[in-house]
Amino acid sequence: MTPTELSAAIVRILAALQCSGALGEGSLPSEVVIERPKNREHGDWATNVAMQQAGNFGVNPRSLAELVCGQLVALAEVEKAEVAGPGFINITLSADAAGAIAKQIVEAGSAFGFGVAMTGIKLNLEFVSANPTGPIHIGGTRWAAVGDSLARILESQGAAVTREYYFNDHGAQIDRFARSLLAAARKQEAPEDGYAGAYIDQIAQQVLDGTAEDLIALPEESAQEAFRSAGVALMFAEIRESLHDFGVDFDVYFHENSLYESGAVDRAISRLRELGHIFEADGATWLRSSEFGDDRDRVIIKSDGEAAYIAGDLAYYLDKRGRGFDRCIYMLGADHHGYVPRMMAMCAAFGDTPGVNLEIMIGQLVNLVRDGEPVRMSKRAGTVVTMEDLVEIVGVDAARYALVRSSINSQLDIDLALLEKKTNDNPVFYVQYAHARTAQVAVNAASLGVDRSEFEPSLLTHESEEELLAKLIELPRVATTAAEFREPHRVARYLEEVAGAYHRWYDNCRVTPLIGQSAETIHRTRLWLNDAAGVVLRNGLGLLGVSAPERM
RNA sequence: GCGCUUGUAGCUCAACGGAUAGAGCAUCUGACUACGGAUCAGAAGGUUGGGGGUUCGAGUCCCUCCAAGCGCACCA
């Protein structure tokens with residue numbers, strides 16, 4: 001019996017109690033919180049439903065708990081149900097009902113952990129979106145890992161997710177990039193406000209190599225434009241390749257520039273003007289964003305006639321909504337959190353609901369440290385760490401896992417000294433090793449005649465088996481919660497617990513018989529549990545975009 | 001000055017408002033001539049930054065103070 005089934009059973013019990021007049025008026029909860037108690041003496045599962053719902057039904061918590069317990073024990077799967085403390089209900093399942101889930105998990109296979117909570121939701125997830133003026137740094141790498149993993153998790157719950165990269169190929173930063181390339185091609189110093197570094201020289205050279213034309217000899221403006229278009233294309237191709245090698249592929253690479261070329265920006269402004277949220281002042285065009293919670297109004301078209309950055313955002317958001325996305329999620333770094341109020345104001349100005357149609361996730365930045373001392377990213381000091389550097393040092397799996405296992409609300413410290421030592425203290429190896437072990441145990445079992453021809457769940461009674469079973473069945477709930485809260489790190493933490501439970505079980509309970517013994521029902525039954533653990537670890541690692549190797 | 005995020009074990013971090021706050025690393029002590037020791041068992045380590053409040057119950061919610069990071073443009 002799974003916690004989900006237990007939850008449904010309790011809801012039915014509440015309905016029946018209400019029907020029989022034992023409870024007062026009150027709406028029934030759709031589900032009940034079922035938890036694994038920390039203390040084993042509190043049974044297999046516990047619920048606080050009596051405390052949560054007592055007020056609702058006009059009874060006191062303990063007597064509601066008593067009523068529910070009375071009905072629970074009548075279920076065949078429930079061995080014991082007791083009231084504890086202020087009104088907790090502690091439930092112990094029969095060994096048979098607890099063990100049965102091993103088979104359920106194996107039979108669900110690659111579908112186990114997947115749900116339908118978000119079916120029908122069309123969702124746009126925008127992340128990374130780094131400017132194509134340089135390679136992706138460690139900060140952007142974090143969003144790549146988290147964003148892709150979140151997409152996988154949302155998809156596991158039935159959402160239709162589009163991974164999108166907003167490509168800022170318009171505006172002053174790109175101009176600086178183009179001027180820097182041109183200067184490099186001319187063997188000149190980088191402009192004051194420009195970009196420098198080996199990659200600038202390389203791209204400048206590639207631009208020159210890519211054409212028979214003598215770009216340097218062109219008039220200043222044409223030369224800059226030539227370097228802009230070719231340089232951005234090259235830089236972007238490089239970024240795309242890095243991301244691909246990192247296991248992250250976007251469905252849509254959206255070009256900011258296209259919004260200006262297609263007239264989408266003008267249309268967005270016209271739309272807002274029709275809605276009465278635009279005004280002219282001091283020679284500029286403004287959005288009355290202060291009416292929608294922003295600190296102040298925002299300039300959209302500057303007095304020199306150029307569009308401000310937010311103009312692109314207006315059109316881009318409208319474009320996403322026009323493409324049918326119910327929910328647009330933006331992942332931004334903490335250095336852009338000041339944008340949230342104006343983005344939300346924009347959403348409201350279009351008549352949408354901030355927080356629903358537009359959702360913004362703010363992730364804290366990644367700090368570089370060496371032996372505990374903070375290190376500033378600096379090209380001159382050689383302390384810039386790019387996505388490629390990180391992958392080269394620790395590999396894709398370890399990099400992705402390290403970046404995804406912490407909440408995005410916490411600043412992450414990456415210790416360069418630790419990276420250089422290439423130590424194996426990354427918990428990903430613990431989890432992957434557990435998976436490899438399930439695979440090798442299965443191989444050994446097959447060679448010794450242990451197969452899945454028998455399943456007797458009541459034999460799975462060792463403490464470590466009960467713990468493992470209880471942990472395995474939680475994947476669906478963990479995935480649902482991770483999707484709901486947009487928190488992929490929950491999956492990683494959960495997998496570490498599963499791996500721990502599996503290793504402990506492995507240490508206590510043999511799947512294969514000892515030499516001289518023959519394969520028994522217990523061995524065959526345990527093989528189901530072993531394989532169930534493999535399913536959970538494999539599916540969970542899949543949600544993180546981390547491989548599940550069969551041997552290491 | 002205002003705003004956002006954070007403050008939990010020596011370090012890096014967990015903990016749908018639930019019972020005795022948990023892992024990993026580091027430290028110490030143990031465990032294979034039997035399914036992979038990248039493992040397991042055990043020890044030690046905490047006034048959850050300080051102080052108030054809300055309630056059956058607060059690391060979690062509210063107020064306040066302290067500290068850190070990041071923002072407060074007709075820059076992008």
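Heads up: the structure comes first, above all this text.
Below or above, wherever it landed, is the structure these notes cover.

Cut-off values and rules
Residues numbered from 1 in each chain as written. Chains lettered and ligands numbered in written order. Predicted model: local features only at pLDDT ≥ 70, side-chain atom pairs only at ≥ 80, totals over all residues. Heavy atoms only, no water. Near = heavy atom within 4 Å. Helix = DSSP H or I, 4+ residues; strand = E, 2+ residues; numbered from the N terminus. Buried < 20%, exposed > 50% of the residue type's maximum accessible area, 1.4 Å probe, protein only. Contact = heavy atoms within 4.5 Å. Patch = residues over 30% accessible without salt bridge, like charges linked within 9 Å, V, L, I, M, F, W, Y side chains within 5 Å. Areas by Shrake-Rupley, 256 points an atom, 1.4 Å probe, with all protein chains shown as cover. Salt bridge = Lys/Arg side-chain N within 4 Å of Asp/Glu carboxyl O. Lys, Arg positive; Asp, Glu negative; His and termini not counted. Charge placed at Lys NZ, Arg CZ, Asp CG, Glu CD. Pairing = 2+ DSSP bridges. Axes fitted to C-alpha atoms, helices over the stretch in contact; angles between N-to-C directions.

### A word on the protein's contact with RNA strand B
Then, in step 1: The environment of RNA strand B is made up of 65 residues, and the closest members are Lys302, Tyr339, Tyr433, Asn444 and Arg493.
Then, in step 2: Take the atoms of RNA strand B that sit within 4 Å of the protein: sugar and phosphate atoms are 59% of them.
Then, in step 3: Secondary structure elements with two or more residues in the surface near RNA strand B: α2 (49-57), β4 (88-93), α6 (172-185), β15 (412-415), α16 (427-447) and α19 (489-508).

### Notes on helix α18 (residues 475-485)
Then, in step 1: What α18 keeps buried is the set Leu475, Val478, Ala479, Thr481, Ala482 and Ala483.
Then, in step 2: Buried residues along α18 sit in contact with α5 (138-156), α17 (463-472), α19 and α20 (521-544).
Then, in step 3: Two residues or fewer after α18 comes Arg486, characterised by a positive phi angle close to 60°.

### As for a negative patch on the surface
Then, in step 1: Judged by side-chain charge, Glu241, Asp245, Glu388, Asp389 and Glu392 come together as a negatively charged surface patch.
Then, in step 2: Residue contributions to the negative patch peak at three residues, all from helix α13 (residues 387-394).
Then, in step 3: When you line up the elements, Glu388 lands in helix α13.
Then, in step 4: The class for Glu388 is partly exposed, based on a relative accessible area of 40%.

### Here we look at the sheet that holds strand β6 (residues 160-167)
Then, in step 1: Taken together, five strands build an open sheet; the order of strands is β7-β6-β5-β11-β12 and the sheet is parallel. The sheet is open, and its two borders are formed by β7 (252-255) and β12 (358-363), each paired with just one other strand. Averaged over all neighbouring strand pairs, the angle between strand axes comes to 25°, with direction disregarded.
Then, in step 2: The sheet strands contacting α5 are β5 (122-126), β6, β11 (327-333) and β12, and the helix crosses β6 at an angle near 155°.
Then, in step 3: This element, helix α8 (residues 220-245), spans β6 and β7 of the sheet and lies at about 145° to β6.

### Some points on the pattern of salt bridges
Then, in step 1: As enumerated under the stated definition, the model contains 28 salt bridges in all.
Then, in step 2: Residue Arg273 pairs with Glu280 through a salt bridge whose shortest N-O separation is 2.9 Å.
Then, in step 3: According to the relative accessible area criterion, Arg273 is partly exposed, its value standing at 41%.
Then, in step 4: The residue Glu496 makes a salt bridge to Arg405 at a minimum N-O spacing of 2.9 Å. Of this pair, Glu496 sits in helix α19 while Arg405 sits in the loop between α14 (396-404) and β15, and the two are 91 residues apart along the sequence. Residue Glu496 shares its accessibility class with Arg405, and that shared class is buried.

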